[in-house]
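Spelled out, the chains give:
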Amino acid sequence: MKITVMGASGRIGTRLVDNLRQAGIEVISASPTFGVNSVTGECLRPAIAGADAVIDVTNAASFGDDSALDFFRASTRNLLAASADAGVRHYLALSVVGTPRLVESDYFRAKMVQENLIRAARRPYTILHSTQFFEFISGVIDMGADGDSFRLPSAYIKPIAADDVAEILAELAMGAPRNDTLEINGNAQFGLDEIARMHLAANEDSRQVITDDSARYYGVELNDDTLLPLKTARVGALRYEDWLNRSMAD
Ligand SMILES: NC(=O)c1ccc[n+]([C@@H]2O[C@H](COP(=O)([O-])OP(=O)(O)OC[C@H]3O[C@@H](n4cnc5c(N)ncnc54)[C@H](OP(=O)(O)O)[C@@H]3O)[C@@H](O)[C@H]2O)c1
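Just so we're clear, the structure is a prediction, and the values are computed from it rather than from any experiment.

### Quick word on helix H6 (residues 162-174)
Point 1. Compared with the 18 Å implied by 1.5 Å per residue over 13 residues, the 18 Å span of H6 between its first and last C-alpha is a close match.
Point 2. Residues Ala 162, Asp 164, Val 165, Ala 166, Ile 168, Leu 169, Ala 170, Leu 172 and Ala 173 constitute the buried set of H6.

### Re the environment of Arg 119
Point 1. Counting through the fold element by element, Arg 119 comes out in helix H4 (residues 106-120).
Point 2. The spatial distance from the C-alpha of Arg 119 to the C-alpha of Thr 232 is 20 Å, given a sequence separation of 113 residues.
Point 3. Apart from the residues within four sequence positions on either side, Arg 119 is in contact with Met 112, Tyr 125, Ile 127 and Thr 181.
Point 4. Only 3.0 Å separates the side chain of Arg 119 from the side chain of Thr 181, close enough to count as a polar contact.

### What to know about the site of the ligand
Point 1. Neighbouring the ligand are 29 residues, the closest being Ser 9, Ser 31, Thr 33, Tyr 107 and Lys 111.
Point 2. A distance of 3.1 Å separates an oxygen atom of the ligand from a polar backbone atom of Gly 7.
Point 3. The side chain of Lys 111 places a nitrogen or oxygen atom 2.7 Å from an oxygen atom of the ligand.
Point 4. A total of 940 Å² of accessible area belongs to the ligand in isolation, and the protein chains cover 84% of it.
Point 5. Breaking the shell around the ligand down by element, the ones donating at least two residues are helix H1 (11-22), helix H3 (67-86), strand E4 (90-96) and H4.
Point 6. Tallying contributions element by element places E4 first for the shell around the ligand, with three residues.
Point 7. Its residues assigned to classes, the shell around the ligand shows 14 nonpolar, 13 polar and two charged.

Thresholds applied
- Residues numbered from 1 in each chain as written.
- Predicted model: local features only at pLDDT ≥ 70, side-chain atom pairs only at ≥ 80, totals over all residues.
- Heavy atoms only, no water.
- Helix = DSSP H or I, 4+ residues; strand = E, 2+ residues; numbered from the N terminus.
- Expected span 1.5 Å × (residues − 1).
- Buried < 20%, exposed > 50% of the residue type's maximum accessible area, 1.4 Å probe, protein only.
- Contact = heavy atoms within 4.5 Å.
- Polar contact = N/O pair within 3.5 Å; in protein donor to acceptor, adjacent residues only side chain to side chain.
- Near = heavy atom within 4 Å.
- Areas by Shrake-Rupley, 256 points an atom, 1.4 Å probe, with all protein chains shown as cover.
- Nonpolar A, V, L, I, M, F, W, Y, C, P; charged D, E, K, R; others polar.

That's the geometry; what it means functionally is another story.
This is the structure in structure tokens:
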């Protein structure tokens, strides 16, 4: 079996490539680092030729204004067209739990366009919706920066380790297309304000977190459950506390 990983140099991509290779899969690593560009189309067709599956774990370099929309629209169109020409039997993409509820944000509107293009292409596919990665929690906290403190809502999240996401995505890629969207999350639920306090305490950062339910996430006001999955397919094994301890020790 041969699989092309688009976004192979990224947070999920590097882990995914390792997992697939360990499972004996022939992997083509693709991204600008490897001379392959899904937006301009540079070396895209040779990277996909002969692949049984294509996994899209790319991300836009910039999220503001229309840049994420331009990225995901062009990249997904090119990837789908090249996959169709190559007769790829399974197209997979990683997206975010709650995307349809977050489309007020430029970034999530772009992810929605990516997903809709995949569904409209009528090719066998699997879309995996993941909750926020543990590795991304510091970025979520920074969104709430307000001078010397942070303003974050108490809305719930169930974050998951990038290692768990990559493991589940590799398993899905080796299986049959689901022609559906599956959801995965971590094994514990936290308020955004609560996880920010845990993260800052572990980093011996004394800055205060102020609970503010009107504070926005990517410009969107959240309900308690906006960021929670509706129907979880799989739960990641790693606990946030253990991951924090491990990353502090590294
Ligand atoms: N962060 C979260 O908590 C979270 C949660 C759920 C889902 N997701 C989704 O997970 C996906 C992957 O996220 P990540 O954090 O692993 O991303 P990342 O670490 O930022 O990696 C992005 C990847 O995209 C590649 N890329 C950028 N421009 C490209 C282009 N023009 N052509 C081909 N490849 C290109 C990069 O390649 P180079 O390094 O070579 O430029 C890199 O390999 C995203 O789509 C995101 O929406 C994220």
